[in-house]
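Fold and contact review
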Amino acid sequence: MIIITPRYTIIENGAINKIEEVLKKLNLRNPLIVTGRNTKKYCKFSYDVEYYDEILNSQIIEQKYIGYDCIIGVGGGRAIDTGKYLAYKLRIPFISVPTTASNDGIASPIVSIKQPSFMADAPIAIIADTEIIKKSPKRLLSAGMGDIVSNITAVLDWKLAYKERGEKYSESSAIFSKTIAKELISYVLNSDLSEYHNKLVKALVGSGIAIAIANSSRPASGSEHLFSHALDKLKEEYNLDVNSLHGEQCGIGTIMMSYLHEKENKKLFGLHEKIKMSLKKVDAPTTAKELGFDEDIIIEALTIAHKIRNRWTILREGLSREEAKKLAEETGII
Ligand SMILES: NC(=O)C1=CN([C@@H]2O[C@H](COP(=O)(O)OP(=O)(O)OC[C@H]3O[C@@H](n4cnc5c(N)ncnc54)[C@H](O)[C@@H]3O)[C@@H](O)[C@H]2O)C=CC1
Ligand SMILES: O=C(CO)COP(=O)(O)O
Ligand SMILES: [Zn+2]
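An unreviewed UniProt entry annotates the chain as Glycerol-1-phosphate dehydrogenase [NAD(P)+] originating from Methanocaldococcus bathoardescens. According to the UniProt record, the Pathway (unreviewed entry) comment for the chain is "Membrane lipid metabolism; glycerophospholipid metabolism." In UniProt, the chain has this text filed under Subcellular location (unreviewed entry): "Cytoplasm".

What follows covers the coordination of the zinc ion (ligand 3). The protein atoms that coordinate the zinc ion (ligand 3) are Asp147 (OD), His225 (NE2) and His246 (NE2), at distances of 2.1 to 2.2 Å. Between consecutive donor residues of the zinc ion (ligand 3), the sequence gaps follow D-x77-H-x20-H. Of this pair, Asp147 sits in helix 5 (residues 138-165) while His225 sits in helix 8 (residues 223-237), and the two are 78 residues apart along the sequence. Overall, Asp147 belongs to the buried group, its relative accessible area being 0%.

Every one of the 23 residues lining ligand 1 counts as a neighbour, but Asp81, Thr99, Ser102, Ser108 and Ile110 are closest to it. For ligand 1, whose free accessible area comes to 870 Å², the fraction covered by protein is 86%. Mapped onto the shell around ligand 1, the elements with two or more residues apiece are helix 3 (77-90) and helix 5. Residue contributions to the shell around ligand 1 peak at four residues, all from helix 3. For the shell around ligand 1, a count of residues per class yields five nonpolar, 13 polar and five charged. Summarising the domain contributions, the shell around ligand 1 has at least three residues from each of domain 1 (8-135) and domain 2 (138-331).

Moving on, we come to helix 9 (residues 246-264). With 19 residues, helix 9 should reach 27 Å at 1.5 Å per residue; the first-to-last C-alpha distance of 27 Å fits that figure. Burial of helix 9 is extensive: 16 of the 19 residues sit out of reach of the surface.

Partitioning the chain into structural domains gives domain 1 (8-135) and domain 2 (138-331). Averaged C-alpha coordinates put domain 1 and domain 2 at centres separated by 26 Å. Each side of the interface is counted separately: domain 1 has 21 residues, and domain 2 has 25 residues. With both sides pooled, the region where domain 1 packs onto domain 2 buries about 1900 Å², and carbon together with sulfur makes up 71% of that total. It is Ala101, Asp104 and Gln115 that lose the most area in domain 1 upon contact with domain 2, and together they represent 27% of the buried surface on that side. The tally of links from domain 1 across to domain 2 stands at zero salt bridges. At the junction of domain 1 with domain 2, the criterion picks out four residue pairs in polar contact (both at pLDDT 80 or more). Mapped by element, the contributors of at least two residues to the side of domain 1 that touches domain 2 are strand 1 (8-12), strand 8 (125-129) and helix 4 (130-135). Of all the elements, helix 4 adds the most residues to the side of domain 1 that touches domain 2, at three residues.

Moving on to a nonpolar patch on the surface. There is a patch of nonpolar side chains on the surface, built from Met1, Ile3, Phe176 and Ile213 and spanning about 380 Å² of accessible area. Mapping Met1 onto the fold places it in the segment before strand 1. In this structure Met1 comes out as exposed when scored by relative accessible area, which is 66%.

Within helix 12 (residues 295-304), seven of the 10 residues are buried, which leaves the element mostly enclosed by the surrounding structure. When we look at burial in helix 12, the residues that qualify are Ile297, Ile298, Ile299, Ala301, Leu302, Thr303 and Ile304. Each element contacted by the buried residues of helix 12 is listed here: helix 8, helix 9, helix 11 (288-291) and helix 13 (321-330).

Conventions we followed
Residues numbered from 1 in each chain as written. Chains lettered and ligands numbered in written order. Predicted model: local features only at pLDDT ≥ 70, side-chain atom pairs only at ≥ 80, totals over all residues. Heavy atoms only, no water. UniProt positions renumbered as here; feature names shortened; annotations may be inferred. Donors = N, O, S within 2.8 Å, 3.2 Å for Na, K, Ca; no water. Helix = DSSP H or I, 4+ residues; strand = E, 2+ residues; numbered from the N terminus. Buried < 20%, exposed > 50% of the residue type's maximum accessible area, 1.4 Å probe, protein only. Near = heavy atom within 4 Å. Areas by Shrake-Rupley, 256 points an atom, 1.4 Å probe, with all protein chains shown as cover. Nonpolar A, V, L, I, M, F, W, Y, C, P; charged D, E, K, R; others polar. Domains from an automatic or database assignment. Expected span 1.5 Å × (residues − 1). Contact = heavy atoms within 4.5 Å. Buried area = accessible area lost by both parts, 1.4 Å probe. Salt bridge = Lys/Arg side-chain N within 4 Å of Asp/Glu carboxyl O. Polar contact = N/O pair within 3.5 Å; in protein donor to acceptor, adjacent residues only side chain to side chain. Patch = residues over 30% accessible without salt bridge, like charges linked within 9 Å, V, L, I, M, F, W, Y side chains within 5 Å.

Right under this line is the structure:
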């Protein structure tokens, strides 16, 4: 197995000014920037720029991109994912420049534009400017916490799949991923959050690297992500006007899935309450109402989540409507 991890990871104030230096070190000369409309203002370089939504809405014709020797993704999760995808299609390196810390796609080798997600290559470099990230909308930084607490249930699910289904499992990736989440939860619950944005970016980068080492999203995506993907599916199917974020949905999913794990393992007693408290402390949503969904949608998402992909989790063969309603009620989501 080949494990690809970033060669340069710069996480500091003003890091964006180091792009040229990093390009030089990597012997790259002609990048194409992929960004969004809200983040174009950070692309003050003399390189060509394309909007990620335009790339997603058109067919990628390789001839159009001849001459570029790398892609730089500047923005939130969608811009980064689109840049990563384009780089993968063109077989050129990808440099990740997050302008916020809303999910662990910053460093992961995964492209998750649509389900099922797929393994591309990890970024060759990550340039995370903490000055820009700190100023990004608070809501995006709260969502990032949801994508990190997810690691707790993702790892519990992964171990369950190993025990009940003999799935390949890596204890080192699992411990790495789980520790990242535990440390951030502990920091959030016991601090004034003055360094939250810094710790969050590092946690998200670590989580992406755990995915790269495992060569699977297993360390960071379990039943809580299945629930989030199910919500995305229902949003599209019913054309719902809800602008919930990936990390926010995953956070709510983690509260519910950790409760299911607690019921099967007394040692985990109190886990879902602790996760909920950490989400509340950073102002992330912890109820269906705060997330923007009707109760019925939450229940439906819980009943279809196990069918999203072939991934064994605490949901096993699925929840009935009654079980789903009870779970959402008992955890205070509805
Ligand atoms: N590849 C992977 O491993 C992963 C990929 N994802 C994907 O990421 C996407 C979600 O990403 P999100 O960042 O939650 O949403 P998003 O990419 O839609 O960003 C939300 C909004 O925030 C704006 N934004 C970003 N930085 C900003 C800044 N500094 N100032 C002002 N506005 C800013 C963006 O322009 C966008 O309008 C989903 O498509 C999800 O599937 C999520 C997790 C992991
Ligand atoms: O969101 C992710 C990890 O945080 C990506 O995982 P998926 O494989 O579930 O798309
Ligand atoms: Zn995620």
